[in-house]
2 protein chains.
Amino acid sequence: MRLERIFPVLGWLPDYRREDAGRDLVAAALVTIMLIPQSLAYALLAGLPPEVGLYASILPLALYAVFGSSSSLSVGPVAIVALMTAAVLTPLYDVGSDAYVTGAVILACLSGVFLVLMGVLRLGFLANFLSHPVISGFITASAVVIVASQLRHLLGIQASGNNLYEIVVSLWSNLGGFRATPFAVGLGVLLFLIGARRYLPAMLGKTAPILAVAVTTFLAWWLGLDQQGLALVGEIPSGLPALTMPPLAADQWQPLLVGALLISVVGFVESVSIGQTLAARRRQRIDPNQELVGLGMANLGAGVSAGMPVTGGFSRSVVNFDAGARTPAAGFYAALGIALATVTLTPLIAYLPKATLAATIIVAVAALIDLPALSRTWRYSRSDFGAMLVTILLTLFHNVESGILAGVGLSIGLFLYRTSQPHSAVIGLVPGTEHFRNVRRHKVELCPRVTFLRIDESLYFANARFLEDTVMELVANQAEMTDLVLVCPAVNQVDASAIESLEAINERLKNANVRLHLSDVKGPVMDQLNGTELITRLNGKVFLSAFDAWSELKEPC
Amino acid sequence: MRLERIFPVLGWLPDYRREDAGRDLVAAALVTIMLIPQSLAYALLAGLPPEVGLYASILPLALYAVFGSSSSLSVGPVAIVALMTAAVLTPLYDVGSDAYVTGAVILACLSGVFLVLMGVLRLGFLANFLSHPVISGFITASAVVIVASQLRHLLGIQASGNNLYEIVVSLWSNLGGFRATPFAVGLGVLLFLIGARRYLPAMLGKTAPILAVAVTTFLAWWLGLDQQGLALVGEIPSGLPALTMPPLAADQWQPLLVGALLISVVGFVESVSIGQTLAARRRQRIDPNQELVGLGMANLGAGVSAGMPVTGGFSRSVVNFDAGARTPAAGFYAALGIALATVTLTPLIAYLPKATLAATIIVAVAALIDLPALSRTWRYSRSDFGAMLVTILLTLFHNVESGILAGVGLSIGLFLYRTSQPHSAVIGLVPGTEHFRNVRRHKVELCPRVTFLRIDESLYFANARFLEDTVMELVANQAEMTDLVLVCPAVNQVDASAIESLEAINERLKNANVRLHLSDVKGPVMDQLNGTELITRLNGKVFLSAFDAWSELKEPC
């Protein structure tokens, strides 16, 4: 059992049947067909040689099949992570240089280490701090940046930049180099892919990119289109990648640490939400901490086989699932498929136009742009919208790292701010019942001597002084008050700061000749309060319910 | 009314009566007597010339009287802030150099700007992030460091260091220079002050330091003790400080920004808790945001009059209160008292032994060391204790800035961790009632088809995926489940991430043929949920109470 937790493969391999293999092989064939153009395209997007994308689709898939917990997730290069890889490496190294390619390998290794560590230490919850508006805004903005960055291949010009503004300025100033051939090829592929998405049945539509690749590669070779300004992928090394240790020098690793952490967290969040969605359809579930280990091993695999950072891809995983993949073996077969392609197809890939790959990238990422999410979030919560907007603007106009970091910081800050100014209400008895309600919203019975204050938040350091303020203001404004009852049904926690504040409130009320009572304290909270100075020195009593307090205290009213 | 909010002085000055003036003058006289040795001592502690302490006790007090909201708070140099000033400046400048003294002025200005800005922007809540265990641990550790740093004056040797370890090592290696005279004077004062604290009535005890100062100054002059190795304060400029603009060069300000921020926040937290405690005794309250402005103006005053950072001091404020200070005018009179002393007493101060000041510092700060707080916090909450311990250890053995920053970071992290793994319970009906209780703790009725899950925390991004996990695990483990009711009486917030998670849960349950219901949703939360996709596409219903849900759903059980 324990071994199975480390190697989930042991959970399904002993029962693996011929029937499973059939379904897995069909799914793997479809995934391989999708993965060939995607892996080439996302390597291009990351500023890496195209074979790096293929390498990242062999060993990582095989390792995920052993260590991963999802039977449907298709691991490999994906657009957002490719963009993040480029964003981390471009400021540090020349695009295309050996140092740049080595940087990608190191990023994969570091992400692998972070992910495995987070999995082993059961730190999967850390990914939760990437709130939904932040990740959604980040993906939308990244997709926009990716589309802009690929336009140069369609226009046949040079352009560069780390954010939308820089890319647009660079495109504009190089527009003189516009070439018709790449534009025709790119536009043709773009229209074909959009048409295929819209009019072909789902499964068949997924094969459109490989068709576009095959046809344009053939045309480029046959018509010699590179003579007319069509940039081709060019010759790439044939054969499988050699297994190598990545360099271990600290000065090469250190500048990549933050980038690798963000890549691993973003990749994990994406993967786990795809995995959970697909698992739920079969009433299964995946273990997030096991997922971390699986993805981490996949990235380590990419790191030792000259690859790039990988994670689960949405469209491929859905195809894998819909085609009926039964076990992670499907991923293993897909790895074999890509290995075969790497060995046999590389001579053909030399003639593949970059405009074709750019068009497949644009169609794939345009689907990630979710503008309705902006208005939906705006309507639902202004503060969530604020975090989302800051993420989007920084990602678009500064860089992806600052976008995501600012988004996370702002989400946490806004949450702390909200909980630091909790809702509280003076409540009174609804006549003829045992229920208490907010005096501002309902007609209720009151007793001027006894005030009931309901607190609608856990009490912790950030709102402890807020409570002191609220209570002292009540006491200062109601000269006739002799008893204050804090009604605590929604108080889920009371930390040490809040206890000190409550003790201070108790002391101050004692000095002001007001008794402090508690009511509706939850079991676990009461367990913790018992034995503290607050309870031993409490000026009043602890009541089970506000009504009990009312019954005992209201007398002289 | 609006003008009174900016200048609280307008609230009390028009009604100021002769009787108030009498009480204020008595209190001011006592405070002045305490403030003379304290201001000299805390300047020494901060590594500054003694007159800087006096200067920081004139204009700041006058400005606080105009802008502050507490009638009892005695502003001026205090031990913790003096230590923090030294900790910020020592790594940057040579102690005693002009740059060091200018640094203190800049720190005061920056703190003033931060405090006023926080007050105007109503950001007083930011101070709440200094949780009680962190501030308590920080004060205890700082007091230990202060005591260690003052031992050199008692031993008559040189020593330096930014933390306890460095100070002890430095003391040890310089122990050869031990001189008997400073030791005799210091120990004598120490014993006298401890005895005075213990055996003299409170009010009289507070005058002991000025007595010790007067007697030892006289002895030093009469017996020529400086010839026997007793370090004296030495000549200080006579007269009032000149008003000057602090230097505005950015390269002088920038390295002090973080330090100034910490000084202002710590100073504010200390002041406001003293102010609140004293105000409550008279059933008054102070406005924390107004306090920020008052303290900020005091620090700006210190900055333009060659002073050092200031805040409210505990012992002086209590004396001020107990002596019956009625209005902030008491602070104004004390400022006049110190101004008079600065003009007349400076020739005498030259003969004041440093050992005397060191002994007064040690006695004052030893009272701040709160070891029982450690065991109390340990018993109450392990995570609060963790934050406290880290603060103490870093403050003792690294430096005060890292101690407080790590403590704040850890407090926030631990709070987020706790809320990210919230308590939830499957609940069942207590037979014969309408109440539901945890199945693990109580004998309850259950229906295997309908599961009731109570959630004991607000739902937000950090626990949204935790909820998904919990729900999907329940569904995966209970094959017969057809209905899931989320019972939400303790859910005070549902943010945009949680809504997305709930929508995802709803979709997944739909695919798994399980209906999702909600019950006991609070009014404000329901207002927010209405109109979202969750409610419009909800697979089940929203019930007012768990019992309503039970009544409707239990049928085929």
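Source: prediction; values computed, not measured.

Chemist: Teacher, can you tell me more about the relation of the copies chain A and chain B here?
Modeler: For the pair of chain copies, the relating operation is a rotation around an axis with a shift along it. Between the two copies, chain A and chain B, the superposition gives an RMSD of 0.1 Å; the rotation angle is 180° and the shift along the axis is 0.0 Å. Classification of the inter-copy transformation places it as that of a two-fold axis. Taking C-alpha positions as the reference, the residue of chain A nearest the rotation axis is Ala490 of chain A, at 2.4 Å. Most of the interface of chain A is mirrored in chain B, where 100% of its interface residues again form contacts.

Chemist: Help me understand the interface of chain A and chain B in this model?
Modeler: How big an interface is tends to be stated in terms of accessible area lost as the parts join. Facing the 67 residues of chain A at the interface are 67 residues of chain B. Together chain A and chain B conceal approximately 6100 Å² of surface at their shared face, both sides included; 54% is due to carbon and sulfur atoms. Across the pair Asp456 of chain A and Lys522 of chain B runs a salt bridge whose closest N-O atoms are separated by 3.7 Å. Counting residues per element, the ones that place at least two in the side of chain A that touches chain B are α8 (132-155), α14 (257-281), α20 (372-380), α22 (400-420), α23 (461-477), α24 (496-511) and α25 (523-529) of chain A.

Chemist: Even after reading the chapter, I still don't get the state of the cysteines, so can you show me in this structure?
Modeler: When the sulfur atoms of two cysteines share a covalent bond, that bond is a disulfide. All names here are of chain B. Inspection of every chain in the model, using the stated rule, returns zero disulfides over all chains. Looking at the unpaired Cys488, the closest cysteine sulfur is the one in Cys447, lying at 19 Å. For Cys488, a relative accessible area of 8% translates into the label buried.

Chemist: Hey, could you run me through the environment of Leu368 of chain B in this one?
Modeler: All names here are of chain B. Here Leu368 lies in the loop between α19 (354-366) and α20 (372-380). Linking Leu368 and Pro91, residues 277 residues apart in sequence, is a C-alpha distance of 26 Å. The residues touching Leu368, leaving out its near neighbours within four places in the chain, are Ile80, Ile139, Thr140 and Ala143.

Chemist: What is the right way to read the sheet that holds strand β6 (residues 483-487) of chain A from this model?
Modeler: Residue and element names in this part refer to chain A. Strands sit in the order β4-β3-β5-β6-β7-β8 across an open sheet of six strands; the sheet is mixed. Edge positions in the sheet fall to β4 (436-438) and β8 (542-543), since each has one partner strand and no second. On the sheet, α23 packs against β3 (424-429), β5 (450-455) and β6 and is oriented at approximately 160° with respect to β5.

Chemist: I tried to follow the sheet that holds strand β3 (residues 424-429) of chain B on my own but got confused; where do I start?
Modeler: The strands that make up a sheet pair up through hydrogen bonds in the backbone, lying either parallel or antiparallel. Residues and elements named next belong to chain B. With respect to topology, six strands assemble into an open sheet ordered β4-β3-β5-β6-β7-β8, the strand pairing being mixed. In the strand order of this sheet, the two ends are held by β4 (436-438) and β8 (542-543), each with one partner. Where strand β6 (residues 483-487) lies against strand β7 (residues 515-519), five bridges are found, and the strand directions are parallel. Counterpart to Val487 in the pairing with β7 is Ser519. Helix α24 (residues 496-511) contacts β6 and β7 of the sheet and is inclined by roughly 140° relative to β7.

Parameters at a glance
Residues numbered from 1 in each chain as written. Chains lettered and ligands numbered in written order. Predicted model: local features only at pLDDT ≥ 70, side-chain atom pairs only at ≥ 80, totals over all residues. Heavy atoms only, no water. Least-squares fit on C-alpha atoms with pLDDT ≥ 70 in both. Contact = heavy atoms within 4.5 Å. Buried area = accessible area lost by both parts, 1.4 Å probe. Salt bridge = Lys/Arg side-chain N within 4 Å of Asp/Glu carboxyl O. Helix = DSSP H or I, 4+ residues; strand = E, 2+ residues; numbered from the N terminus. Disulfide = S-S within 2.5 Å. Buried < 20%, exposed > 50% of the residue type's maximum accessible area, 1.4 Å probe, protein only. Pairing = 2+ DSSP bridges. Axes fitted to C-alpha atoms, helices over the stretch in contact; angles between N-to-C directions.

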